[in-house]
Amino acid sequence: DPARRSGLVVVAAEQTAGRGRLRRQWAAPPGLGLLVSVGLKPPHLQLPPTHLPILAGLAVRAAICALAPVLAP
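Criteria and cut-off values
Every residue gets a number counted from 1 within its own chain, in the order that chain's sequence is written. Only residues with pLDDT of 70 or above have their local features reported here, since the model is predicted, and side-chain atom pairs are shown and tallied only from 80 upward, although totals for entire chains, interfaces and linings are computed over all residues. With hydrogens and water excluded, all non-hydrogen atoms of the structure serve as input to the side-chain values. For the purposes of this entry, the term helix denotes a DSSP run of H or I that reaches at least four residues, the term strand denotes a run of E that reaches at least two, and both are numbered from the N terminus. For every residue, the accessible area obtained with a 1.4 Å probe (protein chains only) is divided by the maximum for its type, and the residue is called buried under 20%, exposed over 50%, and partly exposed between those limits. By definition, residues are in contact when any of their heavy atoms lie within 4.5 Å. Using a 1.4 Å probe, the Shrake-Rupley method yields the accessible areas, and only the shown protein chains count as cover for residues. Any two strands with at least two DSSP bridges between them are considered paired. Residues with no salt bridge and a relative accessible area higher than 30% make up the patches, which join like charges within 9 Å and nonpolar side chains (Val, Leu, Ile, Met, Phe, Trp, Tyr) within 5 Å. Just to be clear on terms, a salt bridge is a Lys or Arg side-chain nitrogen sitting within 4 Å of an Asp or Glu carboxyl oxygen.

Engineer: Would you mind showing me how to read the overall build of the protein here?
Structural biologist: Helix and strand counts for the protein stand at one helix and four strands. For the protein, buried positions account for 5% of its 73 residues. When contacts within the protein are restricted to residue pairs at least 6 apart in sequence, those whose partners lie at least 24 apart make up 38%. Summed over all atoms, the accessible surface of the protein reaches about 6300 Å², with 65% contributed by carbon and sulfur.

In C-alpha cells form, the structure reads like this:
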C-alpha cells in the first residue's frame, strides 16, 4: 500500500481542508505556497517527531540559500 510507505512525499498547489495541531482548520489558496507532506515511520526517526517541522524548515532555507545566494540574509 503506497500510502503506508515511509518516505512518501505528497506535494500540493492548494489546501482546502487542512487540519493542524489540536485539529485546527487551515487553508491555503492556489499558487501562494508550497505544501508538502512527508510520511515517516518511527524506525527512521532518531529524534522526537516534534523536531521535524523546524528541521525541515531549516533544510529548505539552506537549500534555497545554496541555490540562490542572493536570497540569503
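Engineer: Explain the environment of V38 here, please?
Structural biologist: On the secondary structure map, V38 appears in strand β4 (residues 35-39). For the pair V38 and V9, spaced 29 residues apart in the sequence, the C-alpha separation amounts to 4.5 Å. Not counting residues up to four positions away in its chain, the partners in contact with V38 are L8 and V9.

Engineer: Mind showing me how you'd approach unusual backbone geometry here?
Structural biologist: Negative phi characterises most residues that are not glycine, and trans characterises most peptide bonds. The backbone phi angle of R23 is positive, close to 65°, even though this residue is not glycine. Looking at where R23 falls in the secondary structure, it is placed in the loop between β2 (15-19) and β3 (25-28).

Engineer: Sorry if this is basic, but what is going on with the pairing of β2 here?
Structural biologist: It is a general feature of regular strands that their side chains alternate between the two faces of the sheet. Two elements, β2 and β3, share three bridges in a ladder whose sense is antiparallel. Its bridge partner being in β3, G18 is matched across the sheet by W26. Two successive antiparallel strands, β2 and β3, enclose a turn made up of five residues, where L22 displays a positive phi of approximately 55°.

Engineer: What is the right way to look at a nonpolar patch on the surface in this model?
Structural biologist: On the surface, V9, V11, L34, V36, V38 and L40 cluster together into a nonpolar patch covering about 560 Å² of accessible area. Broken down by secondary-structure element, the contributors of at least two residues to the nonpolar patch are β1 (8-12) and β4. You can see V11 is positioned in strand β1. With a relative accessible area of 55%, V11 lands in the exposed category.

All quantities given are derived from atomic positions and should not be read as evidence of function.
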